[in-house]
Amino acid sequence: MRTLALMGIAVGKKGIVFGVANDHSLAWYCARALHEEGAELAFTYQAETLERRVRPLAESVKSTFVEQCDLSDDAQIEQVFAKLKSHWGSIDFVVHAVAFANKQDLEGHFVDTSRDGFKLALDVSAYTLTAVARQAAQLMDSKGGSIITLTYYGAEKVVPHYNVMGVAKAALEASVRYLAADLGEKNIRVNAISAGPVRTLAAMGISGFRDMLKYVEQRAPLKRNVQAEEVGKTALYFVSDLSSGVTGEVVHVDCGYSIMGM
Ligand code: NAP
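Remember, predicted model here, so these are calculated numbers, not experimental data.

Caption draft 1: Main features of the pattern of salt bridges. Evaluated as defined, the whole model comprises 6 salt bridges. Across the salt bridge formed by Lys 13 and Asp 241, the nearest N and O atoms sit 3.1 Å from each other. Here Asp 241 lies in the loop between α8 (228-239) and β7 (250-253) and Lys 13 lies in the segment before β1 (14-18), a separation of 228 residues in the sequence. Among the ionic pairs, Glu 230 bridges to Arg 224, the shortest N-O distance being 2.7 Å. Judged by its relative accessible area of 14%, Glu 230 falls in the buried class. One network of salt bridges, with partners in common, ties together Asp 92, Asp 141 and Lys 143.

Caption draft 2: Looking closely at the sheet that holds strand β6 (residues 188-195). Overall, parallel pairing links the 7 strands, which are arranged β3-β2-β1-β4-β5-β6-β7 in an open sheet. Across the chains shown, the open sheet's two edge strands, defined by having one partner strand only, are β3 (65-68) and β7. Within the sheet, the average angular offset between the axes of one strand and its neighbour, ignoring direction, is 20°. Direction of pairing for β6 relative to β7: parallel, over a ladder of 4 bridges. By the bridge assignment for β7, Ser 194 is matched with His 252.

Caption draft 3: Expanded view of the site of the ligand. Around the ligand, the structure places 29 residues, and the nearest of them are Ser 25, Gln 46, Leu 50, Val 198 and Thr 200. A distance of 2.8 Å separates an oxygen atom of the ligand from a polar side-chain atom of Lys 169. Mapping the ligand onto the cavity grids shows that it belongs to the largest pocket. Those elements that provide at least two residues to the shell around the ligand are β5 (145-151) and α6 (201-204). Here the shell around the ligand takes 3 residues from α6, the largest share from any one element.

Caption draft 4: Broad picture of the side chain of Thr 149. Its place among the elements puts Thr 149 in strand β5. Here Thr 149 is in contact with His 96, Leu 129, Leu 172, Val 176, Asn 191, Ala 192 and Ile 193, once residues within four sequence places are set aside.

Caption draft 5: Local environment of the pairing of β5. Judged by how many residues are buried, β5 sits mostly within the fold: 7 of 7 residues are covered. Here β5 shows no split at all, with Gly 145, Ile 147, Thr 149 and Thr 151 on one side and Ser 146, Ile 148 and Leu 150 on the other all buried. Here strand β4 (residues 93-96) pairs with β5 via 4 bridges, running parallel. Bridge assignment links Val 94 to a residue of β5, and that residue is Ile 147. In terms of handedness, the path from β4 via helix α4 (residues 115-138) over to β5 forms a crossover that is right-handed. Here β5 pairs with β6 via 7 bridges, running parallel. Each residue of the ladder has a partner; that of Leu 150, found in β6, is Ile 193.

Cut-off values and rules
Residues numbered from 1 in each chain as written. Predicted model: local features only at pLDDT ≥ 70, side-chain atom pairs only at ≥ 80, totals over all residues. Heavy atoms only, no water. Salt bridge = Lys/Arg side-chain N within 4 Å of Asp/Glu carboxyl O. Helix = DSSP H or I, 4+ residues; strand = E, 2+ residues; numbered from the N terminus. Buried < 20%, exposed > 50% of the residue type's maximum accessible area, 1.4 Å probe, protein only. Pairing = 2+ DSSP bridges. Axes fitted to C-alpha atoms, helices over the stretch in contact; angles between N-to-C directions. Near = heavy atom within 4 Å. Polar contact = N/O pair within 3.5 Å; in protein donor to acceptor, adjacent residues only side chain to side chain. 1 Å grid on protein atoms, 1.4 Å probe; cavity = no way out; pocket = protein on both sides within 12 Å on 5 of 7 lines; lining within 4 Å. Sits in = over half its atoms within 2 Å of the grid points. Contact = heavy atoms within 4.5 Å. Right-handed = clockwise from strand over helix to strand, strands pointing away.

Below is the structure:
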C-alpha cells in the first residue's frame, strides 16, 4: 500500500524519529510516509547492535543524521538534540515510537508486576515522551511543531497480557494532554496514534499476540487488522498542516475495533 498520491504535504518539514528497530517498526512506516511527502528525517537507535539495521534504512530515505540514543538516559537525549541543533538549527516534528517492559511483565497477571518492572515500563514507555518533548520544544521555532507518540487500546481497557504496558500507555496518553496544554502557546501540537495490533518486534514480546490479531479481525468494523502504512499515513496527517487545529488527541487507527461494546 502506498501512502498518498504525491502531494508533498511534508515538504520543508524536518524532524527526528525515535524507535526504528527494523523495517517492520511502526516508526519506520511513519518515516517512510513522511519521506514520501517530502520531509527530511533524522533517526536514532537505542543499542549499538541496531546501528547496522537502522543506518541503511536511514540512508534509503536520504537521511544523514543517525545517532545512538537510549531514551532512558537524559544525557544521551540532550546530546542528540544538541547535535540536531548543529545539524539543522530547528526542527518541525518528533515521532516517538518507543516502549519497553520486561517480558515476564507481559504474561501472567498484572498484580504480580514488580516495583522495578513497573518503574522500567513507565520510564521508557511514558516518561521518555516528556523528556523528548522538553528538548524538542527548544528546537522548534516560531512556526511551532508537531510531536507524535504511539499508544495502544490497552491504556483504556484491560487487554489480556498487556498488563503494565497498559498502565504505561495510560500515563503516556495523559502526558500527551498535559504536554499539549503546556506547549500549545508555542504552537506545538502533541498527539497520539492508538494503533491496532501490528506484527513488530515489540508486539511479538506480548504473550498471546497472535490471538489478538485473530480477535481484532473478527470483531473490528472493517473486519481486518490495521496495516502499518495506515499508521504512517496518520503520522503524516499529524506532522502536516492538515491537522493544524488538532492537539492533545488520541486518534485510533485500529479499523474501528475500539468503538465496539460487544
Ligand atoms: P519495535 O519495532 O520493536 O519498536 C520499539 C522501539 O522502541 C525499538 O526501536 C526499541 O529499540 C525502542 N526502545 C525501547 N527501549 C528504548 C530506549 N530505552 N531508548 C530508545 N529506544 C528504545 O515495535 P513497534 O511495535 O513498532 O513499537 C513502536 C511503538 O508503537 C511502541 O510505543 C509500541 O507500544 C507502539 N504500538 C505498537 C503496536 C503494535 O501492535 N506493534 C500497537 C500500538 C502501539 P530496541 O529494539 O533497540 O530496544
